[in-house]
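Geometric and topological summary
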Amino acid sequence: MSFVGAAARHEGAILLLVVLLALGGVIALPSLASSIYPPLQFPRIVVVAHSGILPARPMMLTVTRPLEQAIREVPGIRRVRSRTFRGAAEISCLFEPATNMDLALQQMQARIAEARSGMPSELDLQVERLSPATFPMYSLILTGGLPIADLRDYAYYLMRPAFSRVPGVGRVEVQASDSRELEVVADPNRLLAAGMTIKDLSAALAAANQLAPVGRYDAGGRQYLVLASDSWRAAADIAATPIAVRKGATLRVADVAQVFPGSPDRTTLATGNGRDAALITLSQQINTDVLTVKTGIEQALATSIAPALPSGLRISKVYDLAEFVSTAIANVRDAILVGGLLAVVVLIVFLGNWRMTAIAALTLPLTVMITFLFMRLFGESINLMSMGGLAVAIGLVIDDAVVVIENVHRRLGTGGDAAAAEVEVEQATQELVAPVVGSTLTTVVVLAPLGLLSGVVGQFFRALSLTLSVSVLVSLVLALTLIPLLSRRVFGGRRRADAPGGQAAHPAKGWGARLEAFYGRALHAALRRPRWALVAFALLAVIGVLLGWKIPNGFLPQMDEGGFVIDYLTPPGTALAETDRLIRTIERLVAATPEVAAFSRRTGAEMGLYATQQNKGDVLIRLKPRGQRSRSAEEVMAGLRGKVKEALPGVDIEFTQILQDMLGDLEGAAAPIEIKIFGDDPEVLGGIAEKVEPLLTQVHGVVDVVGVQRGNPEVTWQIDPVAAGRLGLTVEQVAGQLAASWLGDTSTELRLADRTIPVRVRYPDRLRLDPAWLASTQVRGADGPLVPLSSLGHPVAAAGQSVLIREDLRQMALLTARLEGRDLGSAVAEIQQRLKSLRLPTGSSIAVGGQYEAQRQSFRELLTVFGVSASLVLVILLFQFRSWLPAALLLAAAPLSLAGAFALLWVTGTELNVSSAMGLILLIGLVVKNGIVMLDYAHRLRDEGAPLREAIEAAARVRLRPILMTTLCTLFGLLPLALGIGAGAELQKPLALAVIGGLGLSTLVTLLAVPSLYVAFRASRRGS
């Protein structure tokens, strides 16, 4: 019994199973999490260390280098890069892709714990594995007519807990220029008269502000806890606190200091829409639905946060990843719907019968619904790549149904009695089982080697290949079961003369007849002149090679995300207030840009997990929806770039879109271009970098060049250890007293019902920030005497190191750059050519990295995937035909199709990137599908006794319609993606263009060159 006959015997079970699977998909769809990208696993861990204001060089020697050495011992580590500056270090650790990152994190924490014993005691370490959830998905600003510390308190104590209660919300971070603090500002003369230092005063406050359990007792059947306390109940209690007894009189805080509300010395700044603000950024937990999380956030804002805020405070949104996700997924969804509709139109035009069209088109919604069920089973989410896989599949899933339904249409459209209709439906399907299965498997097997891809690219396209593979396999099963069953039911009881459209609907009449006649003449000419086919093969191969060299190349496609970030870096040593003054210029330019909806700014901090110096920060900009602006994000960035450069020529700036920046950060390659200069002496490396920077700026299309920062003003007090020793002090003890005097000491805090407020003891700003007064700062000896600092040491001014960068335990100078209006490949090629003119000192070397390095690795892996995919397709073809000749001929159409793909990419100005390269790999499976259907039928006719040439001509004419129908369905199904309309569609646009260009050309090769060369080679083999 045939396959179709067996299916017919279980018709009820098959129909019920299809319905249940489709319903399962409908039920599973709402439970699929939504996100912009697939769940990505990044082999990267970041260590951030803070140690007060320790200079860069000592910080590197005492903290960074020991940490680097310890981290280098962790198994699987691939690259360690560190960045050290005043008081902080950031170490980025990149592992091999196959590393178990949970285990790697534990091993790294263990190594760091072992190495920490020899580091400064006040060192604060943060070790975190990076993931997309590390970065914010929602950002707000709180503005109003209150002091900044009050805004921060409302954001931290009211909004932060409310957001943290929302299911799916991860980290909630609040940033503001000021936080609340109580200042105990001592009068230096009164303090000196009392024989005390700032350290003494702070210790006295900490000793007085105590709450400690001292006992317990039972009474009346209850146990009582006994406490000893003199802790402050309000800020007013601090001034009355006794600190010493002098000559029988109690000395209180009010006698030597003033107490008032204040804020710590500013090290960071935060503004929103050009005003003082509190910034609130929220990240989502791993594997949560970003749309559901956003709904919870906005519900919390409306119901519990906004009503509790005082009138006059305003909340503005400056970033919303969920908004971009919903828009992008909606655009891809629309591409699926439009592509499916266009494919159905193709069927109507060719079949001319609505019943046949409806049967074939039914596979589209059924396949999509069943695919959703398998996505749920495989743990996939609704994202740009999985939905992109469905969008690409729309033109493919209908192919098998088209081939089957067209064959049924052809067999039933010749007239006859009704009794044989069911038999002919079965025969029409049965003769296509082998070619349809083979042609579908070629599409699936080319996707299998994508597991060889590493990093972001591999994870991106594994999600796409999963949905694409599942959908075409589901469509194959439906084409061989559901399509014949429905055809038997619809047409089995009707006379074939009246069946699908009768004779009038058959393409032997009208435009169909003219098309077949034209093709018959063209095929006949090709069969007579096979040499022309060889010439065409050679010509297409040459064109493909030439276009391949000419096409610009990049990494990931650019998308309009609806917002972007301006990273800025002012000259080394720029004071925070001066940096603020400079960046206010950028804020004014941003506010004057009509496309901008809202923006926020950080100085001394950045979005994400970073150690940031005070002269660095970012401006986060949200644009108006695309329908309300005339320029794309890239155009807005280009316009602002020129204005900012003109207004602030001494400030380094970088413009980048948020998600692209996030992917680069997670991959450890934040900038498209990095120039890495290695050597031993930071000063020598800085000199080389200053020669390289002009070379970069001269390259067309290279923008946002950030060079090496050299020099950071420092004043070092050289403490005489002998003089300090006479007082019974070490240099470390002297430094501790100086830090308390100049920075202030926070050894205690005011404990309120719902919060604690630090209490800082310090000298007045007019003194501690005056370099002329520093020498008179009092230092207490071990036995109690007070001496001025000038008796223990003297100041030495110098230009210290600004930022020290190391990679894999080597000193490095780093320059970064971005691109505008130019592809990555050609820009780097020109840069490398210019770098050859440099004469490097002995022991120095230079290399190009960044996203260019990631691109090279991805292209190498994609080339391997291309070769493995072609080999697997060849295996399928050999199984299909059991002969090398048809297999080799059909596979030869794959590289020839590159000429068409490259031509369309070049005409449309699209880069050869990982998306278009994925399209080229997909082409390997697609271009052989039509040839399999045609040559399989020719072999069937040959087995029935027809001469080879007649069999080929007959098979080509009979399969012309299904070949054209499947090709056009695929091309029109991909057309909405190829247009790249709407946010998110840009990601699959290069893929769609590559497939359209390659498949269109390969169809001509399959219809004309393959039959001609097949007959010629078979004839030559017989002749030999």
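Owing to the predicted nature of the structure, the values given are computational and were not obtained by experimental measurement.

**A look at the overall build of the protein**
- If you tally the helices and strands in the protein, you get 34 helices and 31 strands.
- Projecting the C-alpha coordinates of the protein onto the three principal axes gives extents of approximately 125 × 80 × 50 Å.
- Split into buried and exposed, the 1024 residues of the protein put 57% on the buried side.
- Contacts in the protein between residues far apart in sequence, at least 24 positions, make up 80% of those at least 6 positions apart.
- For the protein, the exposed surface amounts to about 41700 Å²; the carbon and sulfur share of it is 58%.

**Section: the packing of helix α21 (residues 576-591) against helix α22 (residues 633-647)**
- Relative orientation of the contacting elements α21 and α22 amounts to 150°, with a least axis distance of 10 Å. The angle between α21 and α22 places the two elements in the roughly antiparallel class. The element α21 and its partner α22 pack so that their crossing is right-handed. Residues Thr-585, Ile-586, Leu-589 and Val-590 of α21 form the contact with α22, whose participating residues are Leu-640, Lys-643, Val-644 and Ala-647.

**Details of the environment of Glu-606**
- Relative to the helices and strands, Glu-606 resides in the loop between β18 (596-603) and β19 (616-623).
- C-alpha separation for the pair Glu-606 and Ser-897, spaced 291 residues apart in sequence, amounts to 46 Å.
- If near-sequence neighbours (up to four positions away) are discounted, Glu-606 is found in contact with Asp-567, Ala-611, Thr-612, Lys-616, Gly-617 and Asp-618.

**A closer look at α21**
- In this model α21 runs 22 Å from its N-terminal to its C-terminal C-alpha over 16 residues, within 8% of the 22 Å that 1.5 Å per residue would give.
- Considered for burial, the residues of α21 that qualify are Leu-576, Thr-579, Asp-580, Leu-582, Ile-583, Thr-585, Ile-586, Glu-587 and Val-590.
- In this structure, the buried side of α21 is in contact with β13 (269-272), β17 (563-569), β18, β19 and α22.

**What to know about the sheet that holds strand β7 (residues 181-186)**
- Taken together, four strands build an open sheet; the order of strands is β12-β7-β25-β24 and the sheet is mixed. Two strands in the sheet have a free side with no partner beyond their single neighbour: β12 (257-262) and β24 (745-751). Across the sheet, the mean angle from the axis of one strand to that of its neighbour is 25°, orientation sign disregarded.
- Alignment of β24 against strand β25 (residues 756-762), held across five bridges, turns out to be antiparallel.

**Focus: the pattern of salt bridges**
- All chains considered together, the criterion is met by 44 salt bridges.
- Here Asp-276 ties to Arg-584 by a salt bridge, and the two come within 3.9 Å at their closest N and O atoms. Taken together, the residues span a long stretch of sequence, with Asp-276 in strand β14 (residues 275-276) and Arg-584 in helix α21 at a distance of 308 residues.
- By relative accessible area, Arg-584 is classed as partly exposed at 22%.
- The closest approach of N and O atoms between Glu-830 and Arg-822, which form a salt bridge, is 2.7 Å.
- Where salt bridges share partners, they join Arg-81, Glu-674, Lys-676, Glu-807 and Glu-853 into one cluster.

**Things to note about the pairing of β25**
- With five of seven residues buried, β25 lies mostly within the body of the structure.
- The pairing of β7 with β25 spans four bridges and is parallel. In the strand pairing of β25, Val-184 is matched with Val-761.
- Between β24 and β25, which pair antiparallel and follow one another directly, the connecting turn spans four residues.

**Looking at the packing of aromatic side chains**
- Counted by the stated rule, this structure contains six aromatic pairs.
- Between Tyr-156 and Tyr-157, the ring centres sit 5.0 Å apart and the planes meet at 75°, which makes this aromatic pair edge-to-face.
- Sitting above the plane of the Tyr-156 ring, Arg-152 keeps its charged end 4.3 Å from the centroid.
- One residue, Arg-959, lies across the ring of Tyr-937, its end atom 4.4 Å from the ring centre.

**A word on the sheet that holds strand β6 (residues 169-175)**
- Taken in spatial order, the four strands of this open sheet run β6-β15-β5-β16, and their pairing is antiparallel. If you trace the sheet from one side to the other, it starts and ends with β6 and β16 (314-320), each paired once. Looking at each pair of strands side by side, their axes are set apart by 20° on average, direction ignored.
- Sheet topology places strand β5 (residues 138-143) next to β16; six bridges connect them, and they run antiparallel. From the neighbouring strand, Ser-139 faces β16, where its bridge partner is Tyr-319.

**Here's the deal with unusual backbone geometry**
- The residue Asn-287 is not glycine, and still its phi comes out positive at about 65°.
- Mapped onto the fold, Asn-287 is located in the loop between β15 (278-284) and α10 (290-305).
- At Asp-808, a residue that is not glycine, the phi angle is positive and equals roughly 50°.
- Looking at where Asp-808 falls in the secondary structure, it is placed in the loop between β29 (803-807) and β30 (810-819).
- The exposure class assigned to Asp-808 is partly exposed, which follows from its relative accessible area of 26%.

**Regarding empty space enclosed by the protein**
- Following the criterion strictly, the structure yields five cavities of 30 Å³ or more and no others.
- For the largest cavity, the calculated volume is near 1000 Å³.
- Lining the largest cavity are 48 residues; nearest its centre among them are Arg-83, Lys-616, Ile-805, Leu-814 and Thr-816.
- Looking at the lining of the largest cavity, the element that brings in the most residues is β30, giving six residues.

**A look at the packing of helix α11 (residues 321-351) against helix α33 (residues 960-979)**
- The contact between α11 and α33 brings their axes to 7 Å, and the two run at 155°. One finds that α11 runs roughly antiparallel with respect to α33. The two elements α11 and α33 meet at a crossing, and its hand is right-handed. Taken together, the residues of α33 that come into contact with α11 (itself represented by Ala-335, Val-338, Gly-339, Leu-342, Ala-343, Val-346, Leu-347, Phe-350 and Leu-351) are Arg-961, Leu-964, Met-965, Leu-968, Cys-969, Phe-972, Gly-973, Leu-975, Pro-976 and Leu-977.
- Among the residues forming the contact of α11 with α33, the class breakdown is 16 nonpolar, two polar and one charged.

**Side note on the nonpolar core**
- Tyr-37, Phe-163, Ile-280, Phe-461 and Ile-675 are the most contacted members of the largest nonpolar core, which has 225 residues in total.
- Apart from residues no more than four positions distant in its own chain, Tyr-37 is found in contact with Ser-381, Asn-383, Phe-460, Met-559, Leu-659, Met-662, Leu-663 and Leu-987.
- Grouped together as the second largest cluster of nonpolar side chains are 40 residues, Ile-198, Trp-717, Ile-757 and Leu-774 included.

**Let's talk about the confidence of the model for the protein**
- Averaged over all residues, the pLDDT of the protein is 85; the fraction at 70 or higher stands at 94%.
- Predicted confidence is poor over residues 494-508, with pLDDT under 50, and the contacts of this stretch with residues over four places away or in other chains come to 42 contacts.

**Notes on the side chain of Ser-869**
- Residue position: Ser-869 is located in helix α29 (residues 851-881).
- From its side chain, Ser-869 meets the backbone oxygen of Val-446 in a polar contact 2.9 Å long.
- Among residues more than four places away in sequence, those in contact with Ser-869 are Val-446, Pro-449, Ile-921 and Ile-924.

**Comments concerning the layout of surface pockets**
- Each pocket or cavity is described by its volume, and for the second largest pocket that value is around 1200 Å³.
- Lining the second largest pocket are 47 residues, and of these Leu-556, Pro-557, Gln-558, Glu-634 and Glu-911 lie nearest its centre.
- Among the secondary structure elements, those contributing two or more residues to the lining of the second largest pocket are α17 (455-491), α22, β20 (652-656), α23 (658-667), β30, α29 and α34 (989-1023).
- Top element by residues in the lining of the second largest pocket is α23. It accounts for five residues.
- Residues of the lining of the second largest pocket, tallied by class, amount to 20 nonpolar, 14 polar and 13 charged.

**Structural notes on the environment of Val-873**
- Here Val-873 shows up in helix α29.
- On the accessibility criterion, Val-873 (0% relative accessible area) is buried.
- A C-alpha to C-alpha distance of 8.5 Å links Val-873 and Val-928, two positions 55 residues apart in sequence.

**A look at the side chain of Gln-737**
- Assignment of secondary structure puts Gln-737 in helix α26 (residues 731-742).
- If we ignore the near neighbours within four places in the chain, the residues touching Gln-737 are Thr-197, Leu-729, Gln-778, Val-779 and Arg-780.

**A few points about the environment of Val-26**
- Tracing the backbone through its elements, the reader meets Val-26 in helix α2 (residues 11-28).
- Separated by 344 residues in the primary sequence, Val-26 and Ile-370 have C-alpha atoms spaced 8.1 Å apart.

**As for a nonpolar patch on the surface**
- Among the surface-exposed residues, Leu-16, Val-19, Leu-20, Leu-23 and Ile-27 lie close enough to one another that they form a single nonpolar patch of about 500 Å² accessible area.
- Judged by relative accessible area, which is 45%, Val-19 ranks as partly exposed.

Rules behind the numbers
- Residues numbered from 1 in each chain as written.
- Predicted model: local features only at pLDDT ≥ 70, side-chain atom pairs only at ≥ 80, totals over all residues.
- Heavy atoms only, no water.
- Helix = DSSP H or I, 4+ residues; strand = E, 2+ residues; numbered from the N terminus.
- Buried < 20%, exposed > 50% of the residue type's maximum accessible area, 1.4 Å probe, protein only.
- Contact = heavy atoms within 4.5 Å.
- Areas by Shrake-Rupley, 256 points an atom, 1.4 Å probe, with all protein chains shown as cover.
- Axes fitted to C-alpha atoms, helices over the stretch in contact; angles between N-to-C directions.
- Parallel < 35°, antiparallel > 145°, perpendicular 65-115°, else oblique.
- Left-handed = near helix turned anticlockwise from the far one by under 90°.
- Expected span 1.5 Å × (residues − 1).
- Pairing = 2+ DSSP bridges.
- Salt bridge = Lys/Arg side-chain N within 4 Å of Asp/Glu carboxyl O.
- Phe/Tyr/Trp six-rings, centres within 6.5 Å; stacked < 30°, edge-to-face > 60°.
- Lys NZ or Arg CZ within 6 Å of the ring centre and 35° of its normal.
- 1 Å grid on protein atoms, 1.4 Å probe; cavity = no way out; pocket = protein on both sides within 12 Å on 5 of 7 lines; lining within 4 Å.
- Points joined across faces, edges and corners; volume = space filled by probe spheres on them.
- Nonpolar A, V, L, I, M, F, W, Y, C, P; charged D, E, K, R; others polar.
- Core = buried A, V, L, I, M, F, W, Y, C linked by side-chain atoms within 4.5 Å.
- pLDDT = per-residue confidence, 0-100.
- Polar contact = N/O pair within 3.5 Å; in protein donor to acceptor, adjacent residues only side chain to side chain.
- Patch = residues over 30% accessible without salt bridge, like charges linked within 9 Å, V, L, I, M, F, W, Y side chains within 5 Å.

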